[in-house]
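Residues per chain are reported as follows:
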Amino acid sequence: MESIPLSLPPLSTNGEVITFYSYKGGTGRTMALSNIAVLMARQQNATTPVLMIDWDLEAPGLHHYFDHHPEPRPGVLELFEACREQLQRRRSGTMALDDEELAHEVLAAVGWEQYVSRVDQSSQLYLMRAGRFDDSYGERLAGLRWEELFNSCPALFRCFAERLTRHFRYVLVDSRTGRSDSAGICTTLLPRKLVVVFTPNRQSLEGVQALVTRATTYRRSHEDEQRPLLVYPLPSRMEMADSAQRAQWRRGDERQRIFGYQPSFEELIGECYGMQDVSLESYFDEVQLQQTRTFAYGEQLAVRLDQGGDRFSLTRTFEAFLAWLAPGYFPWQCSREIHLLGSINQARKALEEGGVASRAVAQSLAHNLNLLGELYRRDGSLRQALACFEESLGLRQRVLGEDHPDTLSSKAYLAAGLRQQGRLDESQFLDECVVEARERQLGNEHFDTLSARTSLATTLGQQGHVAEALAIQDAVIDIYLRLLGPEHLLTLSAKAVRAELLLRRGETEHARSLQEHVLAARKRMLGSEHVDTLHSKTALAQTLVQMQELDAARSLLEAVLHAHLLRLGPDHRDTLKAREQLVEVQLQLGMPSADLPMVTELHQNAAMDDYGDALVRPLRPRNPLPAHSLWSHAPDELLALDGHLAGMRSPPR
């Protein structure tokens, strides 16, 4: 390391503090921090200043990954010893200072530069060691009372973090384990982001969850600490060779009394941030630090040794984790979303710079915005979806013109989003524009024209203009029948829309008959568990509920739930929605909903077979549903996060 004094210019915008914490040792916490720090320092052509701080003063080890110089050097311990001396001097003085003014005056007098050294000549990677490991280290550490230091100047640690983030884009803190004063400082007072590293065992998992609860509660309840705190769980030491054990600890096993770390953190994060239906499925698909022989012993950096980064390497896993951590994406955002957001942000920067390729960049940006908008729309995040669709449409109108096929596609996306949000007049206007342009350009019987007419019919039906909508949809079906036949997939989709319109007009029996026809055809062509077949089963079940044929509806919904459990797992939002629909029907039948039975596998090959013998059973008396939704509950008080938390990190500017 260098011996010359450190001098770093201030950043244009402040960086952030990220603390790595584990409840117990042996999780690979320090190893993870070291590898992440190296990757961060390589960003922006290796011009990103990154500082690592070894705050595990009782068992320091971070320096072994980088520092091979035996001479003692000052670090965290000496810095705060100096702060304590400065506070004692000022305590005896006559001038009273505001708490923050006192903290900044003390820190300015001490100076952080002499405690930091550069540890990589190929990037701006720096280290603040735990301290000078001389014969007096243990005695001096025992004499430093963190609680007394905090009480002398409560703003000291927060202001210390602020001063460092003026010069470093990332400050990575290696925290003490367990429940100690120094661990509380590192996890509660310093960071904007908290990485909790755990191994798949009950002690480690319960320890980090308790720490997260304490840290978020403190930040929520103390007026001076109302700052963002984003939590990133990081499972470590995962045995890749045993897939059954990995799945058991990830998702839980009731027989072994294992709750599973994914549902545990989904529940914890939901409680901390006042959210419902948090899913970490995509995040944990990508982020699991595997156990490897090569890096199990010694202080070696995987990102320096296996730079190829194939899919079996630790480097690939660290890079996947960094995709969430560095930009500040939330762990409940799926990998598809964050990759699209990354591409969109790059394209926006390229457009701002201009150049000959700006037209191609704008087209790529508009395409990705539509993909992201569809992702948000399917998830029910309509505000973000509409913002994406509107930006995409604006780009294509400027670059391609009003009637270009890509512009019409953007109008169709936006119309669908507006319709889902209930803004039906705006949706109708766009639908009519698309229909008129496609009829003029492609003719009345082109498939794109027919698709546009179906969208318009759907909008008109929701507006209450059902007769007009049915006339349009019947004409569409006639063309499909003539061109494609009665059981082509496009014909069946058009018939499914017609069934929805019939329901709106109160023709329940006709709608049911058409839905049964579509379901039977889809099962023959696509299979009983294809997503379109499941949609048909759900739609028919909802019709049967209106007709009070609840046993038949229950049988259909059991089949849908069973298929989702097999294909998507118990925690997917489609599975949860199917379970909710089934529970509601069970309640109307007077069945208990607390213990939802496992659904036996079904092997029917025709639409009516899914009913079993439900149609010949006597109907049970209907019990009224409670006024509130089965799956809704009052959210806890939101953690005092910055504005983008509530907006789920929306991409529009």
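All values derive from a computational prediction rather than experimental measurement.

One non-glycine residue, Asn45, lies in the positive phi region at around 55°. Mapped onto the secondary structure, Asn45 falls in helix 2 (residues 43-46). Non-glycine residue Gln548 carries a positive phi angle of around 65°. Mapped onto the elements of the fold, Gln548 is located in the loop between helix 24 (531-546) and helix 25 (550-568).

Looking now at the sheet that holds strand 1 (residues 16-21). The strand order across the open sheet built from seven strands is 3-4-2-5-1-6-7, with neighbouring strands paired in mixed fashion. The sheet is open, and its two edges are formed by strand 3 (117-120) and strand 7 (230-235), each paired on a single side. Across the sheet, the mean angle separating the axes of adjacent strands is 25° when strand polarity is ignored. Relative to strand 4 (residues 125-128), strand 3 runs antiparallel, the two being bridged by three bridges. Residue pairing for strand 4: Arg118 is matched across the bridge by Tyr126. Taken strand by strand, helix 9 (residues 202-221) contacts strand 1, strand 6 (193-198) and strand 7, and its axis lies near 165° from that of strand 6. Along the sheet, helix 14 (residues 314-325) contacts strand 1, strand 6 and strand 7; its crossing angle with strand 7, the most-contacted strand, is approximately 170°.

Our focus in this paragraph is the confidence of the model for the protein. Here the protein averages 85 in pLDDT, while 86% of its residues score no lower than 70. Overall, residues 596-650 carries pLDDT values under 50, and its contacts beyond four positions in sequence, including any with other chains, amount to 118 contacts.

Here helix 18 (residues 405-421) spans 25 Å end to end across 17 residues, near enough to the 24 Å set by a 1.5 Å rise per residue. Listed in full, the buried residues belonging to helix 18 are Thr407, Leu408, Ser410, Lys411, Leu414, Ala415, Ala416, Gly417, Leu418 and Arg419. On the buried face of helix 18, the contacting elements are helix 16 (358-379), helix 17 (382-400), helix 19 (424-442) and helix 20 (447-463). Phi turns positive, to about 90°, at Gly422, one or two residues after helix 18.

Examined against the element boundaries, Asn370 turns out to sit in helix 16. At a separation of 3.2 Å, a polar atom in the side chain of Asn370 contacts the side chain of Ser392. Leaving out residues up to four positions away in the same chain, Asn370 has contacts with Phe389, Ser392, Arg396, Ser410 and Tyr413.

Turning next to a nonpolar patch on the surface. Together, Phe447, Leu483 and Leu490 make up an exposed nonpolar region whose accessible area comes to about 240 Å². By the element assignment, Leu490 lies in helix 22 (residues 489-504).

Criteria and thresholds
Residues numbered from 1 in each chain as written. Predicted model: local features only at pLDDT ≥ 70, side-chain atom pairs only at ≥ 80, totals over all residues. Heavy atoms only, no water. Helix = DSSP H or I, 4+ residues; strand = E, 2+ residues; numbered from the N terminus. Pairing = 2+ DSSP bridges. Axes fitted to C-alpha atoms, helices over the stretch in contact; angles between N-to-C directions. Contact = heavy atoms within 4.5 Å. pLDDT = per-residue confidence, 0-100. Expected span 1.5 Å × (residues − 1). Buried < 20%, exposed > 50% of the residue type's maximum accessible area, 1.4 Å probe, protein only. Polar contact = N/O pair within 3.5 Å; in protein donor to acceptor, adjacent residues only side chain to side chain. Patch = residues over 30% accessible without salt bridge, like charges linked within 9 Å, V, L, I, M, F, W, Y side chains within 5 Å. Areas by Shrake-Rupley, 256 points an atom, 1.4 Å probe, with all protein chains shown as cover. Salt bridge = Lys/Arg side-chain N within 4 Å of Asp/Glu carboxyl O.

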